[in-house]
Amino acid sequence: MGKSGKKSKAAQRQRRARLPTGSVGEHGDAADSLPSSAYDLPEGQEESRGEAEGEQVEEDGSGNGDAVVVGKAKEMEPLSLSKFDLYQKSVQSPKGDISYLQKFFLMYVGERRPLHLQEDFCGTALLSSEWLRSDTRRTAIGLDLDLEALKWCLENNICKVGYDGYSRISLFHGNVLHPGRANLVKHMVQDPLRVSGLNKQNEHVDAGQLTTRAVHGILTCSTMEDATLPPRDIICAFNYSCCCLQKRPDLVNYFKQALAALSKKGGIFVMDLYGGTSSERQLQLQRKFTNFTYVWEQAEFDIINRRTRISLHFHLGKKRVLRNAFSYDWRLWSLSEIRDCLEEAGFQSVHFWMREMPNTEDASEVEEYNAKSDVKYEELSSFRQQDAWNAYVVGVTNLLSTRVGQKRD
Ligand SMILES: C[S@@+](CC[C@H](N)C(=O)[O-])C[C@H]1O[C@@H](n2cnc3c(N)ncnc32)[C@H](O)[C@@H]1O
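All of these numbers come straight from a predicted model, not from anything done at the bench.

1. Description of the overall build of the protein
No. 1: Scanning the protein for helices and strands turns up nine helices and 20 strands.
No. 2: Contacts spanning at least 24 positions in sequence make up 71% of the contacts within the protein whose residues lie at least 6 apart.
No. 3: For the protein, the computed accessible surface area is about 17,600 Å², with 48% contributed by carbon and sulfur atoms.

In structure tokens, the structure reads:
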């Protein structure tokens, strides 16, 4: 592949990368004020890319988060970024997301500051880490199936929060469909007493706790249902993560779990979704960074089951590629399906915040759109189909009665 393109069909057009939730810019840069998916550089600045002849390709996908060093060390300087680093730099923009979360909370709940966040499908929990950084009273809970990502978060994100970061975050390893069974994952150095109680096999039963196990310097202990956690003001599921749930009953069940964890004083559930005609066909998009290129690859779209396969690749130099660093088998839910499921789960109101994205077919439009990179989301009750759009969907609960009869799994 490359600009000359081994796949030259229109459906294989290479444009700027769709960025799962994050936005135009590496987290921490000025572009953070724009939180959602965006497209990036003008066409002319894209680098040639793909599996050119002689290119060294590393298949990852299931790999750990250790440094990715591919290519011939003698010929080129190795890039010592893990796939999680690359992902965070390419895809996420936590400050922008947080500013919208705060805005939604104030609009729909109000009367207090949101302090307690739960980030479902959290991956490396970058958003939670940023949440903690921005106010010392804040707490965060992260939940994900990927233990490597959680471990990487503890070692690389939480350590940057400050001295009390570890005490204000609880990361759980488990399924959002059964959050009560998810295991708390802790950093060993965080809890010297428990660490000193480990036997040679690194196994030990702690008073009042379930089995504690050391995994590569990380302890997994306790479960979410055993833990004492504050009621959540906000629960979020970003980067289209709800598309990981493919059955309607699972989606409704997940929304019920989220509702049950929200504060009785009122709270919000916020997720994001992408769509548009460009989302229902084969597509390849890319975005260039200083020392790597991020590629979003969309496989053919199955319109009966609304299934799509997304693969994220990183090109680390002219001859170095990390293919399938992340792959997702998604059901691309429609906005109305999401609303119906949230209402069925018991949310009192559902709000859509929409943003039109640059047209993937027309580079000049992309450039024009980039010039207006301060375009914000707006709350809408109807929206005409576009080539590409992004949405925040906000489910609101603010009555005690909505919680009656609901119990966490
Ligand atoms: C698209 S990534 C999003 C990561 C992160 N939220 C972000 O904003 O970039 C989806 C994440 O969901 C996790 N995941 C998928 N299905 C899950 C489930 N049923 N329960 C918990 N986590 C799940 C994956 O391990 C992955 O980390």
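2. Things to note about the environment of Val252
No. 1: With respect to the element layout, Val252 can be found in helix α7 (residues 248-261).
No. 2: Val252 sits 90 residues away from Leu342 along the chain, and the two C-alpha atoms are 6.8 Å apart.
No. 3: With residues up to four places along the chain from it excluded, the contact list for Val252 reads Cys341, Glu344 and Ala345.

3. As for the pairing of strand β13 (residues 267-275)
No. 1: With respect to burial, β13 is a largely interior element, nine of its nine residues being buried.
No. 2: Neither face of β13 is left uncovered, since the one carrying Gly267, Phe269, Met271, Leu273 and Gly275 and the one carrying Ile268, Val270, Asp272 and Tyr274 both have all their residues buried.
No. 3: Pairing geometry for strand β12 (residues 234-237) and β13, over four bridges, is parallel. Counted as the bridge partner of Ala237 is Met271 from β13.

4. Looking at the site of the ligand
No. 1: Around the ligand, the structure places 18 residues, and the nearest of them are Tyr87, Phe121, Asp144, Asn175 and Asn239.
No. 2: The contact in question runs from an oxygen atom of the ligand to an N or O atom on the side chain of Tyr87, over 2.4 Å.
No. 3: Between the ligand and Asn239 there is a distance of 2.4 Å, counted from an oxygen atom to a side-chain nitrogen or oxygen.
No. 4: Protein burial of the ligand: of its 590 Å² of free accessible surface, 89% is covered by the chains.
No. 5: In terms of residue class, the shell around the ligand is made up of nine nonpolar, seven polar and two charged.

5. Re the nonpolar core
No. 1: Tyr254, Phe255, Phe269 and Phe314 are the most contacted members of the largest nonpolar core, which totals 64 residues.
No. 2: Top element by residues in this core is α7. It accounts for seven residues.
No. 3: When residues no more than four places from it in sequence are discounted, the contact partners of Tyr254 are Asp120, Phe121, Val176, Leu177, Ile235, Ala237, Cys242, Leu245 and Phe269.

6. Examining the confidence of the model for the protein
No. 1: For the protein, per-residue confidence averages 77 on the pLDDT scale, and residues scoring 70 or more make up 67% of the total.
No. 2: Note that residues 21-54 has pLDDT below 50 and, in this model, 133 contacts with residues that lie over four places away or in other chains.
No. 3: Segment residues 190-216 is flagged for pLDDT under 50; beyond a separation of four residues in sequence, or across chains, it makes 45 contacts in the model.

7. Observations concerning the packing of α7 against helix α8 (residues 335-345)
No. 1: Between α7 and α8, the least distance of the axes is 8 Å, while the angle of their chain directions is 50°. Looking at the two axes, α7 sits oblique to α8. The crossing of α7 and α8 is right-handed. Residue-level contacts link Arg248, Leu251, Val252, Phe255, Lys256 and Leu259 of α7 to Ile338, Asp340, Cys341, Leu342, Glu344 and Ala345 of α8.
No. 2: In terms of residue class, the contact of α7 with α8 is built from eight nonpolar, no polar and four charged.

8. Focus on unusual backbone geometry
No. 1: Positive phi values are uncommon outside glycine, yet Tyr240 reaches one of about 65°.
No. 2: You can see Tyr240 is positioned in the loop between β12 and α7.
No. 3: Tyr240 sits in the buried class, given a relative accessible area of 0%.
No. 4: Even without being a glycine, Asn324 presents a positive backbone phi close to 50°.
No. 5: Looking at where Asn324 falls in the secondary structure, it is placed in strand β17 (residues 320-331).

9. Section: the packing of aromatic side chains
No. 1: Counted according to the given criterion, the structure contains 25 aromatic pairs.
No. 2: Here Tyr100 and Tyr377 contribute two aromatic rings whose centre-to-centre distance is 5.4 Å and whose plane-to-plane angle is 75°, an arrangement assigned as edge-to-face. One end of the pair, Tyr100, is in helix α2 (residues 94-108); the other, Tyr377, is in the loop between α9 (363-371) and β19 (378-379), with 277 residues separating them in the sequence.
No. 3: Take Tyr377: its relative accessible area is 5%, and that puts it in the buried class.
No. 4: Cluster of aromatic residues (ring-pair linked, three or more members): Tyr100, Phe104, Phe238, Trp353, Tyr377 and Tyr392.
No. 5: Just above the ring of Trp131 sits the side chain of Arg138; from NZ or CZ to the centre is 3.7 Å.

10. Comments concerning the state of the cysteines
No. 1: Within this structure, the stated rule accounts for zero disulfides.
No. 2: We note that Cys242 lacks a disulfide partner, and the nearest cysteine sulfur, in Cys243, lies 7.2 Å from it.
No. 3: No disulfide involves Cys244; its sulfur sits 7.4 Å from the nearest other cysteine sulfur, which is in Cys243.
No. 4: Its relative accessible area of 36% is what places Cys244 among the partly exposed residues.

11. A closer look at the pattern of salt bridges
No. 1: Across all of its chains, the model carries ten salt bridges by this definition.
No. 2: Put simply, Asp135 and Arg137 hold a salt bridge, and the shortest N to O gap is 2.9 Å.
No. 3: A salt bridge links Glu337 to Arg331, with the shortest nitrogen-to-oxygen separation between them at 3.3 Å.
No. 4: When its relative accessible area of 23% is taken as the criterion, Glu337 is described as partly exposed.

Thresholds applied
- Residues numbered from 1 in each chain as written.
- Predicted model: local features only at pLDDT ≥ 70, side-chain atom pairs only at ≥ 80, totals over all residues.
- Heavy atoms only, no water.
- Helix = DSSP H or I, 4+ residues; strand = E, 2+ residues; numbered from the N terminus.
- Contact = heavy atoms within 4.5 Å.
- Areas by Shrake-Rupley, 256 points an atom, 1.4 Å probe, with all protein chains shown as cover.
- Buried < 20%, exposed > 50% of the residue type's maximum accessible area, 1.4 Å probe, protein only.
- Pairing = 2+ DSSP bridges.
- Near = heavy atom within 4 Å.
- Polar contact = N/O pair within 3.5 Å; in protein donor to acceptor, adjacent residues only side chain to side chain.
- Nonpolar A, V, L, I, M, F, W, Y, C, P; charged D, E, K, R; others polar.
- Core = buried A, V, L, I, M, F, W, Y, C linked by side-chain atoms within 4.5 Å.
- pLDDT = per-residue confidence, 0-100.
- Axes fitted to C-alpha atoms, helices over the stretch in contact; angles between N-to-C directions.
- Parallel < 35°, antiparallel > 145°, perpendicular 65-115°, else oblique.
- Left-handed = near helix turned anticlockwise from the far one by under 90°.
- Phe/Tyr/Trp six-rings, centres within 6.5 Å; stacked < 30°, edge-to-face > 60°.
- Lys NZ or Arg CZ within 6 Å of the ring centre and 35° of its normal.
- Disulfide = S-S within 2.5 Å.
- Salt bridge = Lys/Arg side-chain N within 4 Å of Asp/Glu carboxyl O.

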